[in-house]
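# Overview (structure and organization)
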Amino acid sequence: MNLRSLAGVGSQAQPHSTAAAAPTACSSPISTSSSFSLCTTTCCPGPVSSLVTSASNVGTSLAFLPASPSTTSSGLLPVLAASSALPPRSSSSSRLPASWTSALGGARRLVSAGGGGGSRYFPPATPIQPSKPIQVTVRAHQGRADEPKPDGDGTLAFPLFREDVAQWWPMRSRPMADNPYKRFPNREMTTEAERVRAAAAYLAYEVPEYVSANPPWQLSLPHVCVATIASILFGYHLGVVNVPLDYIAYDLGFAGNALAQGSIVSACLIGAFAGCSTSGSVADKYGRKRAFQISSVPMILGSILCALAPSLPVMLLGRLLVGIGLGIAGPVAALYVSEISPTAVRGTYGSLIQVATCVGILGAILVGLPVTSIPGWWRACFWISTIPAALLALGMEYCAESPRWLFKNSKWLEAEHELERLLGNQHSKTAMADLVRGEEREDSGEASWGALLDRKYLKVVAIGAALFGFQQLAGINAVFYFSSVVFKNAGVSSNIAASVSMGVVNLIASCVATFLMDKQGRRNLMIWSFTGMACAMTLQAAAAGLTILAPYQGVLSLTGTLSYVFMFALGAGPVPALLLPELFANRIRAKAMSVTMCVHWVVNFMVGLFFLQLLQQLGASTVYSFFAAVCVSAAIFVRKNIMETKGRSLEEIEIMLLSDDA
C-alpha cells in the first residue's frame, strides 16, 4: 500500500483543546495500574500538565496524567525539569513527504516559558490520534539516586517511540520488556492511521551523533552462520557420492551400469529444480526462517532413505528428496543473508555462502575416504549429513526472522524488534525509515508470479537469469568433470588428490573474495573474474590444440584448470547469489530468486548432459574456445548491464532501479 495515499487519514481528528474542563473519567485510559495513566483521546481532564513528544516523534499524542482528579500535577515537575535540561533536537519535519505535512499538522514541542521554569504547550492544528487504546505497563524506575524519578510506576505509549519517551524519563535500564510482542495480541498494523503515524516517526528520527555510522556486525553474524549451514549441506550432498559411488553400485547391485550411476547424481539435480521452483512461494508465505526448517525435513528424510537403501529405487527416492530440500534452501539462504546483513558487510556475509559450499564439498571428500577400508562406510556418509540438517532446523528457531519480510506483511512491530537484534537499537530506527521510503514507491504485500512480467521488474529478472546462465555456460562444471583427466596428464593419477586440490583452490579463492567483496565491489569482481576465466580457458584451448605446446600440455592444462577455478571462486561463483537479492525489489525478491535459480539448475543439467558428447565430436580445443568466448561475453554483459551495489542499502538500490524504469 502506498503510504502517500494515507496522508489524509489523520486530518479528520478533532483538535485537542487546551481549555480547562470539568474533571470527568477518561473514556479510554491506557493503564490504571500505576499512579500515572496514559491517554490517547480528547476526553482527559483539563487542569493537568501535559507532556508531549519532541519533534522526532511527529504526529503522536502522548500525555502523562494523574490517575484520579484529586492527584495534582506536581509529580510531573521532575520529569519536565529533566526534559528541559536535554539538548534541543532539530526538527526533522522537513524530511517528511510534502503530502504528509498537512495530515500530521506539524510537531508538538516543549518550550521553556521562562521565569517560572515551566513549559508551554503548542498543539498542532490537526493532530493524529491513535485509532485505539494501547496498554503498555512499564517496570518501576531503577535509575541512580541523583536522577529525577516519577512517583511510582509509569506507562509508555508505543514501542516505536520509546526512545523519545526515554529522553524525558532518564533511566539506566531499558524501560520496556525484552520481547514487546507479548503485550500486543495483534502484531500487525491493521489501521491506516497507525501506519501513517509510525511512518512519520521513523522518517523523522535522527541518529545521535555519538552513535557510529555503521551498525555492529557482531550482532548479525550468528544468524548468518546458522543460515550458511544450508550451503554446507548443498556442497556436501553434491560431493557425497563422488568418492564412494563405485562401492554404492557394488552393494546395491548395479556395478558397471553407467546409466544407473549417473542417475544417482541426476536425481538430486531434478529434485533441486523442483524444490527451487517452489522456494519463492514457501519463503513468501511462511517466512525465511520457516522456509529453512521446511527444507531440512526432506533433507533429513532423504538422507535416512539413502543410508538404509536396499536397492537402487530407494536410493533414487532418497536423492530426489534431498534435492528438493537443497532446491528450497539455496535461494532462501541467499535471500536471508542479504536481508539481515548490515550494508557495510553484506558482501562479506554473502561470500560466506560460497565458502560454506566449498567447506561442504571438501567435507564430503574427507568423510568418504574411509570407504576403501571400511565396508558399508558409504551409509555412514549419509547418516552424518542428517546432523547439520537437524542443526539448521533447530538453530533457525533462535534466529531472527527477516525484517523485510515482516515489514512487507505489515508486521512493523516485529520488524523493528528483529532489526534491534540484528543492527542494534539506534540503527533499527533508520533501517525502518529506509523500509518506509522503499514501500512508498511500490505496492505493499505479496506479489504474484505474474508480477515478474511487469515492465518495471522484467528487465532486472531477465538480467538475473542471464547472470546464472553465463555462470554455468562458462564451463565450471565441465572443468570439474574433466579435472581427473587433466591431472592424470600432468602426472597425478589419484582422483582423490585431484578433487582435494580443486576444492582447496576453490576454498582459498572464496576466502579471498570475502575480503574483496565490500572493498572492490561486486561489479568489478565479476568483470575481473570472467576475464581471468577467459584467459585460463584460452590457455587450455591452446595447450590442447597447438602441437608446438604438446610437450608442455600436462603442465599448461593443470595450470589453466587451477587458475580457472581460482578466478571463478573470486567473483563469478559467489557474486550472482549475492547480487541478485540486492537488485530485486522487496516485493518480488523471493519469487525472482526462485526463477533465476531454476535457470541455474536447468543450464547446469544441460551442460552435464551434453558436455561429453561435444567433447568427443568437436575436441577439447573447440569446447574450451567456446567456454572462453562465453566468459568474454559475460564480462561485457556485466559491464553494460550491472550496477554497483557496494555500500548501498537494499532500499536505496530498489529506489534507484525503480526510478530508472519509471
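Residues numbered from 1 in each chain as written. Predicted model: local features only at pLDDT ≥ 70, side-chain atom pairs only at ≥ 80, totals over all residues. Heavy atoms only, no water.

## Re the overall build of the chain
Broken down by element type, the chain carries 24 helices and four strands. Across the 662 residues that make up the chain, the buried fraction comes to 53%. Counting only contacts in the chain whose residues sit at least 6 apart along the sequence, the fraction spanning at least 24 positions is 80%. (Helix = DSSP H or I, 4+ residues; strand = E, 2+ residues; numbered from the N terminus. Buried < 20%, exposed > 50% of the residue type's maximum accessible area, 1.4 Å probe, protein only. Contact = heavy atoms within 4.5 Å.)

## Remarks on the environment of Phe 530
Secondary-structure assignment places Phe 530 in helix H19 (residues 522-545). Classification of Phe 530 by relative accessible area gives buried; the value is 1%. Linking Phe 530 and Leu 570, residues 40 residues apart in sequence, is a C-alpha distance of 9.5 Å. Setting aside residues no more than four positions away along its own chain, Phe 530 makes contact with Phe 470, Ala 474, Ala 572, Cys 631, Ala 634, Ala 635 and Val 638.

## Quick word on the pattern of salt bridges
Scanning all chains against the criterion turns up eleven salt bridges. Notably, a salt bridge pairs Glu 339 with Arg 288, separated by 2.9 Å at the nearest N-O pair. Pair noted here: Glu 339 is in helix H10 (residues 312-340) and Arg 288 is in helix H9 (residues 288-308), with a separation of 51 residues, a long-range link. Judged by its relative accessible area of 1%, Glu 339 falls in the buried class. (Salt bridge = Lys/Arg side-chain N within 4 Å of Asp/Glu carboxyl O.)

## Here's the deal with the packing of aromatic side chains
For the structure on display, the rule yields six aromatic pairs. When the ring of Phe 407 is compared with that of Trp 412, the centres are 4.8 Å apart and the planes differ by 15°; the resulting orientation is stacked. Residue Phe 407 is classed as buried on the basis of its relative accessible area of 3%. Judged by its relative accessible area of 0%, Trp 412 falls in the buried class. Measuring from centroid to centroid gives 5.9 Å for Phe 626 and Phe 627, while their planes differ by 55°, and the two rings are tilted. Its relative accessible area of 47% is what places Phe 626 among the partly exposed residues. Classification of Phe 627 as buried rests on a relative accessible area of 5%. The aromatic ring of Trp 449 is capped on one face by Lys 591, whose charged end is 5.7 Å from the ring centroid. (Phe/Tyr/Trp six-rings, centres within 6.5 Å; stacked < 30°, edge-to-face > 60°. Lys NZ or Arg CZ within 6 Å of the ring centre and 35° of its normal.)

## Regarding the side chain of His 237
Inspection of the secondary structure puts His 237 in helix H6 (residues 229-239). Given a relative accessible area of 1%, His 237 falls into the buried group. Residues within four places of His 237 in sequence aside, it is in contact with Ser 303, Arg 319, Val 322, Leu 326 and Ser 385.

## Side note on the confidence of the model for the chain
Mean pLDDT over the chain stands at 74; residues scoring 70 or higher make up 66%. Taken together, the stretch residues 1-187 has pLDDT below 50 and engages in 346 contacts with residues farther than four places along the chain or on a different chain. (pLDDT = per-residue confidence, 0-100.)

## Brief notes about unusual backbone geometry
Positioned with a positive phi, Ser 410 is a non-glycine residue whose angle comes to about 65°. Note on placement: Ser 410 falls in the loop between helix H13 (403-408) and helix H14 (412-423). You can call Ser 410 buried: its relative accessible area is 19%.

## As for the nonpolar core
If you look at the biggest cluster of nonpolar residues, it comprises 118 residues, and the most contacted ones within it are Phe 292, Phe 530, Met 533, Tyr 564 and Leu 583. Apart from the residues within four sequence positions on either side, Leu 583 is in contact with Val 460, Ile 642, Met 643, Thr 645, Ile 653 and Leu 657. Grouped together as the second largest cluster of nonpolar side chains are 20 residues, Tyr 236, Val 241, Ile 264 and Val 371 included. (Core = buried A, V, L, I, M, F, W, Y, C linked by side-chain atoms within 4.5 Å.)

## Comments concerning the state of the cysteines
Here the structure, examined in full by the defined rule, presents zero disulfides. Cys 598 supplies the cysteine sulfur nearest to Cys 276, a cysteine that is in no disulfide, at a spacing of 3.9 Å. Its relative accessible area of 11% is what places Cys 598 among the buried residues. (Disulfide = S-S within 2.5 Å.)

## With respect to the side chain of Ser 231
Looking at the secondary structure, you find Ser 231 in helix H6. Residue Ser 231 is classed as buried on the basis of its relative accessible area, which comes to 6%. Filtering out sequence-adjacent residues up to four positions away, Ser 231 remains in contact with Ala 333, Ile 353, Ala 356 and Thr 357.

## Structural notes on the packing of H9 against helix H12 (residues 377-396)
Helix-helix packing: each pair is described by the crossing angle between the helix axes and the interaxial distance. Direction vectors running N to C along H9 and H12 enclose 165°, while the axes themselves pass 8 Å from each other. When the axes of H9 and H12 are compared, the pair comes out roughly antiparallel. Both H9 and H12 take part in a crossing whose hand is left-handed. Along its contact with H9, which presents Lys 289, Phe 292, Gln 293, Ser 295, Ser 296, Met 299, Ile 300, Ser 303, Ile 304, Cys 306, Ala 307 and Leu 308, the element H12 presents Trp 378, Arg 379, Phe 382, Trp 383, Ser 385, Thr 386, Ala 389, Ala 390, Leu 392, Ala 393 and Met 396. Of the residues belonging to the contact of H9 with H12, the class tally is 15 nonpolar, six polar and two charged. (Axes fitted to C-alpha atoms, helices over the stretch in contact; angles between N-to-C directions. Parallel < 35°, antiparallel > 145°, perpendicular 65-115°, else oblique. Left-handed = near helix turned anticlockwise from the far one by under 90°. Nonpolar A, V, L, I, M, F, W, Y, C, P; charged D, E, K, R; others polar.)

## Considerations on the environment of Ala 447
Residue position: Ala 447 is located in the loop between helix H15 (425-440) and helix H16 (455-473). Along the sequence, Ala 447 and Ile 588 sit 141 residues apart, while their C-alpha atoms lie 5.9 Å from each other. Apart from the residues within four sequence positions on either side, Ala 447 is in contact with Arg 587, Ile 588 and Lys 591.

## What to know about a nonpolar patch on the surface
On the surface, Phe 273, Val 602, Met 606, Leu 609, Phe 610, Leu 614 and Leu 618 cluster together to form a nonpolar patch covering roughly 590 Å² of accessible area. Of all the elements, helix H22 (residues 589-618) adds the most residues to the nonpolar patch, at six residues. (Patch = residues over 30% accessible without salt bridge, like charges linked within 9 Å, V, L, I, M, F, W, Y side chains within 5 Å. Areas by Shrake-Rupley, 256 points an atom, 1.4 Å probe, with all protein chains shown as cover.)

## Concerning H22
Since one α-helical turn is 3.6 residues long, residues separated by three or four positions face the same way. Relative to the 44 Å expected for 30 residues at 1.5 Å per residue, H22 spans 40 Å between its end C-alpha atoms, a close match to the ideal helical length. Helix geometry: H22 is bent most strongly at Phe 610, by close to 40°. (Expected span 1.5 Å × (residues − 1). Bend = angle between axes of the 7 residues up to and from the residue.)

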